[in-house]
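Secondary and tertiary structure notes
The residues making up each chain are set out below.
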Amino acid sequence: MRWWDIDPVLDLEKDLFPEDAWSRGMFWSELAHSRGPGATRRYVVAVAGDRLVGYAGLAASGDLADVQTIAVARDQWGTGLGGRLLTDLLRAATAFECAEVMLECRVDNVRAQKLYERFGFAPIGFRRGYYQPGNVDALVMRLTDPSASVPVEPDSLQAQDTRGTQGTGTHG
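Below or above, wherever it landed, is the structure these notes cover. (Residues numbered from 1 in each chain as written. Predicted model: local features only at pLDDT ≥ 70, side-chain atom pairs only at ≥ 80, totals over all residues. Heavy atoms only, no water.)

1. Points about the pattern of salt bridges
All told, the structure shown has ten salt bridges when counted by the stated rule. The partner of E30 in a salt bridge is R41, and the shortest N-O contact between them spans 2.7 Å. Taken together, the residues span a long stretch of sequence, with E30 in helix α2 (residues 24-32) and R41 in strand β1 (residues 41-48) at a distance of eleven residues. Residue E30 is classed as buried on the basis of its relative accessible area, which comes to 11%. R41 gets classed as buried once you look at its relative accessible area, which sits at 16%. We note a salt bridge from E104 to R127, for which the minimum N-O separation is 3.4 Å. Taken together, the residues E104 in strand β4 (residues 100-106) and R127 in strand β5 (residues 122-131) connect sequence positions 23 residues apart. A network of salt bridges, in which partner residues are shared, links D20, R106 and D108. (Salt bridge = Lys/Arg side-chain N within 4 Å of Asp/Glu carboxyl O. Helix = DSSP H or I, 4+ residues; strand = E, 2+ residues; numbered from the N terminus. Buried < 20%, exposed > 50% of the residue type's maximum accessible area, 1.4 Å probe, protein only.)

Below, the structure is given as structure tokens:
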């Protein structure tokens, strides 16, 4: 993800998460931490033709990574794009040398929970009222050893292209 992707990312964000959409400033802040030798973030976008159809982000701190966001355009649901985005994030977690990956998922988002479970994430608890303003609980999930959950060969993205930004250095 680059700065010029923020407007189409915001359009998709507002469509998919109308009550708790991230702001422009939040994406700018995340991207500020995704470049250079001290980078702690990985953000990617998926593009089909000239249209942004998905994005995902990961934050790393020490040996722990956190999936910040994964979003896939509604007309791309069921195509495997969410899995390809998650695979990219898990590869980044491995490159960042993270031993665990955490995430929060809305308790009513069963589709996302099934995706995470297929990759080996297990529920470990709840965060009551985490998603505001709707006061929706979050299911907290954890994956130990993200490198074991990533396919050895990169998935074919077919019509989709992913572009990402990650720092240079030992993990870039």
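2. A short note on the packing of aromatic side chains
Evaluated as defined, the whole model comprises five aromatic pairs. On the basis of an interplanar angle of 80 degrees and a centroid distance of 5.5 Å, the ring pair of W3 and W4 is categorised as edge-to-face. A relative accessible area of 54% means that W3 is categorised as exposed. Taken together, the ring pairs in this structure connect W22, F27 and Y55 into an aromatic cluster. The ring centre of Y131 lies 5.7 Å from the NZ or CZ of R106, which sits over that ring. (Phe/Tyr/Trp six-rings, centres within 6.5 Å; stacked < 30°, edge-to-face > 60°. Lys NZ or Arg CZ within 6 Å of the ring centre and 35° of its normal.)

3. Looking at the nonpolar core
In terms of nonpolar packing, the biggest core is built from 47 residues, with Y55, L58, L86, V101, Y116 and F121 touching the most fellow members. Sort the elements by how many residues they give to this core and helix α3 (residues 81-95) lands first, with seven residues. Setting aside its immediate chain neighbours within four residues, L86 contacts V67, I70, L115, Y116, F119 and F121. (Core = buried A, V, L, I, M, F, W, Y, C linked by side-chain atoms within 4.5 Å. Contact = heavy atoms within 4.5 Å.)

4. Quick look at helix α4 (residues 110-118)
Three or more residues of α4 are buried, namely A112, Q113, L115 and Y116. The buried residues of α4 all sit within an arc of 160 degrees when viewed along its axis, so they share a single face. Elements that come into contact with the buried residues of α4 comprise β3 (64-72), α3, β4 and β6 (136-144). Looking one or two residues past α4, G120 carries a phi angle of roughly 100 degrees, positive in sign. (Arc of directions from axis to C-beta.)

5. Examining α3
In this model, α3 (15 residues) spans 21 Å end to end at C-alpha, consistent with the 21 Å of a helix rising 1.5 Å per residue. Within α3, twelve of the 15 residues are buried, leaving the element largely enclosed by the surrounding structure. Just downstream of α3, E97 is the residue with a positive phi angle, here 65 degrees. (Expected span 1.5 Å × (residues − 1).)

6. Considerations on the layout of surface pockets
The probe, sized like a water molecule, is rolled over the atoms to show the empty space still left. In this model, the largest pocket occupies a volume close to 1,100 Å³. Taken together, 37 residues make up the lining of the largest pocket; nearest its centre are F17, I70, N109, A112 and Y116. Contributions of two or more residues to the lining of the largest pocket are made by α1 (6-16), β3, α3, β4, α4 and β5. Class assignment for the residues of the lining of the largest pocket results in 17 nonpolar, ten polar and ten charged. (1 Å grid on protein atoms, 1.4 Å probe; cavity = no way out; pocket = protein on both sides within 12 Å on 5 of 7 lines; lining within 4 Å. Points joined across faces, edges and corners; volume = space filled by probe spheres on them. Nonpolar A, V, L, I, M, F, W, Y, C, P; charged D, E, K, R; others polar.)

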